[in-house]
Amino acid sequence: MSETPAMGAGSTAPTDPVAPPPEQPQRSAHPVADRINKVIGAFGIPATIAVALLMIHTVVNALARKTPLGSLHGTLEIGAYWYMPAIFLLGMVWAQQRNEHIEARLAYDLAPRPVQKNFLLLGDIVSFVLALGFTWYGLQEALAKTAIKATAGVSAMPIWPTMYLVPLGFALMAIAIAVQAVETLRLPKRATHEQLAEFDEPHPTGLDHDEIEVQHDSGNGTRTSRLIWRLVVAVILVGCSVAMFTTDDKGTVGILGIVLMIVLMMLKIPVGVAMTVPALMGLYAMLGERATIGVLARMPYESTASWSLTVLPMFIVMGMLLSRSGVTEHLYTFAKQWFGWLPGGLAVGTTAAGAGLASISGSSFGMAYALTRAGVPEMLKAGYDKKLATGSVLFSGSVAHLLPPSLFMVIYAGVAEVPVGPQLMAGLGPGLVLVAVYMVAVVVISIIRPEMAGGGKGIARPRGTWSGRWSSLGSIWPIPVLVLVVLLGMFTGTFTATEVGALGALCAIPIAIWAQRGKGTVLKTLWQSFTDTVSTMGALALLLIGAHVFTRFLSVTGLIDHLVDGVSKVGFGRVEFLFLLIGVYIILGMFMDSLAMMLVTVPILMPTLAALGVSPVWFGVFIVVLCELAVITPPVGILTYVVHSIVQDPEVNVGHKITLPDMFKAVLMVLPWPILLLVAMIFVPDAVTWLPSLMSQE
């Protein structure tokens with residue numbers, strides 16, 4: 001739940017639950033615009049209430065299910081058709097105001113500043129028109145369902161009232177976009193880099209965006225360079241659009257749609273919009289107006305009204321609560337006390353602490369922020385090589401979405417239509433193996449080259465005491481308790497994934513209250529955790545809608561069938577095809593946001609994988625490992641830019657200059673180990689699926 005905000009040549013990830021974003025950063029500074037934003041932003045409050053109601057309702061139903069009374073009537077239908085549309089669709093306005101929609105922005109970052117302003121306006125116009133389309137046709141669909149008093153589910157739950165959330169949510173989003181477009185127009189003709197940075201996303205770790213972006217300032221450029229940029233983009237966009245309507249070959253329409261989608265993504269247009277617009281154009285070209293209107297009218301509600309997605313807000317709010325409570329800050333102290341005696345012990349402890357943070361949040365960026373600030377200064381003071389110091393943080397970031405609860409796993413499960421619980425458990429074994437491999441790799445590196453871990457520099461290796469170890473264990477006790485609740489609840493089948501998420505979120509509330517006792521910030525912590533959850537869900541809503549529309553488009557083009565036939569004709573078996581995918585995904589990860597990469601490719605690949613006998617649960621782990629590689633691989637490598645930005649702070653680098661080339665060398669230390677894991681997974685697939693298979697037997 002932008003994963004996925006944009007970082008340098010990277011892309012946004014609003015799906016980071018432990019990140020502490022600003023209260024409600026907005027582009028606008030004009031008083032009228034601020035008043036409009038406050039009015040439309042108030043509609044996010046019902047979504048916040050819906051998150052709390054979903055949590056309470058789910059927990060009460062889970063407990064009632066264990067009594068003679070049985071489950072509460074209509075729980076699944078209320079969760080799917082009432083709570084989820086409210087959370088997703090009303091949350092979009094906060095996501096828009098906070099600029100948290102997932103974006104890939106490689107071309108945008110390279111363009112001259114005046115051209116960047118043009119791209120901002122283009123994105124606002126395209127998003128505004130799309131929002132109006134969903135508003136109008138969503139309203140028509142809601143009125144039609146009202147006329148027949150539409151119901152759904154075994155309990156015949158009325159759904160027609162909540163269908164009005166589609167036009168309401170998109171209308172509010174359109175207003176927010178219009179406000180932002182006006183503020184874009186108010187920028188001076190030669191806007192400075194800092195002025196443009198104010199229009200970008202808040203960093204998911206709470207850093208100012210311009211602190212990260214300054215290294216990518218491309219200047220105003222020459223008149224010729226600006227003209228070339230505008231002409232090239234215009235020719236590609238207009239050419240692809242015209243060609244889609246002038247060809248009779250559906251496969252060609254599909255290829256043009258994919259090209260158009262990628263170009264729009266690179267221009268900093270939200271990924272969900274970039275997926276939806278070419279798909280709608282292609283559907284109109286192939287099937288006509290009626291089919292396109294049907295997609296506009298029905299897809300937003302169908303994409304968001306889903307019980308399988310209810311696990312998302314529960315895990316997100318759990319991570320938010322624990323992060324804001326301050327409990328997670330003690331993890332590094334714990335890891336240092338218990339692993340500091342090893343060769344490279346501080347780096348080993350950083351990796352272990354990262355795994356602990358991931359186990360409660362499924363986050364890469366919030367974890368990176370916490371560990372970089374806590375661990376890197378200590379390692380540098382202890383004489384560690386800066387590549388090992390920063391590399392240990394990247395080690396940790398590359399396992400965050402493997403360990404449950406993982407937002408990437410949940411989203412994949414929704415797209416691939418596999419059970420959420422088994423998919424989450426499938427990542428546990430490979431995730432723990434990768435953590436262990438990283439820790440062993442650090443120890444081996446520190447033994448072979450002791451100077452990288454401070455050896456021979458006259459600096460004593462930190463050694464924890466048993467009293468300090470037990471004391472540190474006492475400060476983090478809520479984390480292992482909560483992890484056990486989540487894992488055992490799912491594994492034993494006692495609770496569903498949503499139920500353990502709701503239980504975890506409910507348990508996190510007293511933990512947050514206990515951790516914040518005496519600080520006078522309890523209510524603020526609780527409120528911000530729930531509002532940040534809504535904002536994250538709103539960002540995911542646009543992405544999921546775009547993924548469903550694009551999947552419909554691809555199915556009509558026949559490209560998926562051509563891919564299956566092509567693989568069959570080439571004679572690729574399971575192993576050869578998967579090795580090919582490793583290379584393809586590593587290349588894609590250099591230029592695309594990891595979550596966008598997953599949502600674009602999974603619908604295309606699933607039929608081919610089924611023909612090759614690849615388990616969809618196994619493939620979920622496979623693709624998430626590759627997505628984690630994408631998070632650190634330059635030039636997009638968003639996590640690499642995040643860590644590099646943080647270590648520019650003198651309090652973090654303690655006098656050491658850490659450059660981007662240093663960060664890229666640290667990436668090279670990380671890359672081999674996930675690839676080795678992927679190879680092992682290909683040849684020993686049962687190592688991934690055995691735990692979910694035991695779970696299904698329960």
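Residues numbered from 1 in each chain as written. Predicted model: local features only at pLDDT ≥ 70, side-chain atom pairs only at ≥ 80, totals over all residues. Heavy atoms only, no water.

Another point: the overall build of the protein. Along the protein, the regular secondary structure elements total 33 helices and two strands. Scored against the burial criterion, the 698 residues of the protein give a buried share of 61%. Within the structure as shown, the protein displays about 25,100 Å² of accessible surface, and the carbon and sulfur contribution to it stands at 68%. (Helix = DSSP H or I, 4+ residues; strand = E, 2+ residues; numbered from the N terminus. Buried < 20%, exposed > 50% of the residue type's maximum accessible area, 1.4 Å probe, protein only. Areas by Shrake-Rupley, 256 points an atom, 1.4 Å probe, with all protein chains shown as cover.)

Our focus in this paragraph is a nonpolar patch on the surface. A cluster of nonpolar side chains, contributed by Ile228, Val232, Ile236, Ile255 and Val259, occupies part of the molecular surface with about 390 Å² of accessible area. Of all the secondary-structure elements, those providing two or more residues to the nonpolar patch are α9 (223–246) and α10 (250–266). Position of Val259 relative to the elements: it lies in helix α10. Residue classification places Val259 among the partly exposed residues on the basis of a relative accessible area of 33%. (Patch = residues over 30% accessible without salt bridge, like charges linked within 9 Å, V, L, I, M, F, W, Y side chains within 5 Å. Salt bridge = Lys/Arg side-chain N within 4 Å of Asp/Glu carboxyl O.)

A few words now on the packing of helix α13 (residues 311–325) against helix α18 (residues 407–416). At a minimum axis separation of 10 Å, α13 and α18 run at an interaxial angle of 175°. One way to sum up the angle between α13 and α18 is to call them roughly antiparallel. Residues Val311, Leu312 and Ile316 of α13 pack against Leu407, Val410 and Ile411 of α18. Residue composition of the contact of α13 with α18, grouped by class: six nonpolar, no polar and no charged. (Axes fitted to C-alpha atoms, helices over the stretch in contact; angles between N-to-C directions. Parallel < 35°, antiparallel > 145°, perpendicular 65-115°, else oblique. Contact = heavy atoms within 4.5 Å. Nonpolar A, V, L, I, M, F, W, Y, C, P; charged D, E, K, R; others polar.)

The first and last C-alpha atoms of helix α22 (residues 478–491) sit 20 Å apart over 14 residues, in line with the 20 Å expected at 1.5 Å per residue. Taken residue by residue, α22 has Pro478, Ile479, Leu482, Val483, Val486, Leu487, Gly489 and Met490 as its buried positions. Along the axis of α22, the buried positions cluster into a sector of 165°, meaning they face one direction only. A positive backbone phi angle near 80° is found at Gly493, which sits one or two residues after α22. (Expected span 1.5 Å × (residues − 1). Arc of directions from axis to C-beta.)

Core analysis: the largest hydrophobic core is formed by 218 residues, its most contacted members being Phe170, Phe619 and Phe622. At 15 residues, helix α24 (residues 522–557) tops the list of elements feeding residues into this core. Once you skip the residues sitting within four places of it in the chain, Phe170 turns out to touch Leu89, Met92, Ala131, Phe134, Thr135, Pro300, Leu542 and Ile545. (Core = buried A, V, L, I, M, F, W, Y, C linked by side-chain atoms within 4.5 Å.)

Across all of its chains, the model carries six salt bridges by this definition. Residues Lys386 and Asp662 are paired through a salt bridge, measuring 3.3 Å at the closest nitrogen-oxygen approach. On the criterion of sequence distance, the pair formed by Lys386 in helix α17 (residues 386–397) and Asp662 in helix α31 (residues 660–670) is long-range, its members being 276 residues apart. On the accessibility criterion, Asp662 (10% relative accessible area) is buried.

Under the criterion given, the structure shown has nine aromatic pairs. A centroid spacing of 6.0 Å and a plane angle of 55° characterise the contact between Phe579 and Phe683, whose relative ring orientation is tilted. Here the residue Phe579 occupies a position in helix α26 (residues 574–589), and Phe683 occupies one in helix α32 (residues 672–683), the gap between them amounting to 104 residues. The exposure class assigned to Phe579 is partly exposed, which follows from its relative accessible area of 33%. (Phe/Tyr/Trp six-rings, centres within 6.5 Å; stacked < 30°, edge-to-face > 60°.)

Our focus in this paragraph is the side chain of Thr162. Position of Thr162 among the secondary structure elements: in the loop between β2 (157–158) and α6 (165–185). With residues near it in sequence (within four places) discarded, Thr162 still touches Tyr81, Trp82 and Tyr301.

Turning to the packing of α9 against helix α11 (residues 271–287), a few remarks are in order. It is the contact of α9 with α11, at a shortest axis distance of 8 Å, that shows an interaxial angle of 25°. The pairing of α9 with α11 is recorded here as roughly parallel in orientation. The handedness of the crossing between α9 and α11 is right-handed. Where α9 approaches α11, its residues Ser241, Met244 and Phe245 are matched on the opposing element by Pro278, Met281, Gly282, Tyr284 and Ala285. (Left-handed = near helix turned anticlockwise from the far one by under 90°.)

Our focus in this paragraph is the confidence of the model for the protein. Counting all residues, the mean pLDDT for the protein is 82, and 86% of those residues have values of 70 or more. In this model residues 201–216 is a low-confidence stretch, pLDDT under 50, and it forms 60 contacts with partners more than four residues away in sequence or in other chains. (pLDDT = per-residue confidence, 0-100.)

Right, let's get into the environment of Ile682. Summarising the element assignment, Ile682 is placed in helix α32. Given a relative accessible area of 1%, Ile682 falls into the buried group. Setting aside its immediate chain neighbours within four residues, Ile682 contacts Arg574, Val575, Leu578, Phe579, Ile582, Trp618 and Phe622.

Across its 15 residues, α13 extends 21 Å between first and last C-alpha, which sits within 8% of the 21 Å expected from 1.5 Å per residue. The buried count for α13 comes to 15 of 15 residues, which makes it a mostly enclosed element. The first or second residue beyond α13 is Gly326, which carries a positive phi of 95°.

Quick look at the environment of Ala611 now. Inspection of the secondary structure puts Ala611 in helix α27 (residues 594–611). We classify Ala611 as exposed; its relative accessible area is 57%. When the C-alpha atoms of Ala611 and Gly573 are compared, they prove to be 9.8 Å apart, with 38 residues separating the residues in sequence.

Positive phi is not limited to glycine here, since Ala156 has a value of about 50°. When you line up the elements, Ala156 lands in the loop between β1 (151–152) and β2. Owing to a relative accessible area of 42%, Ala156 belongs among the partly exposed residues under this scheme. Positive phi outside glycine occurs at Glu417, with the angle close to 60°. As for its placement among the helices and strands, Glu417 is situated in the loop between α18 and α19 (420–426). The class for Glu417 is exposed, based on a relative accessible area of 71%.

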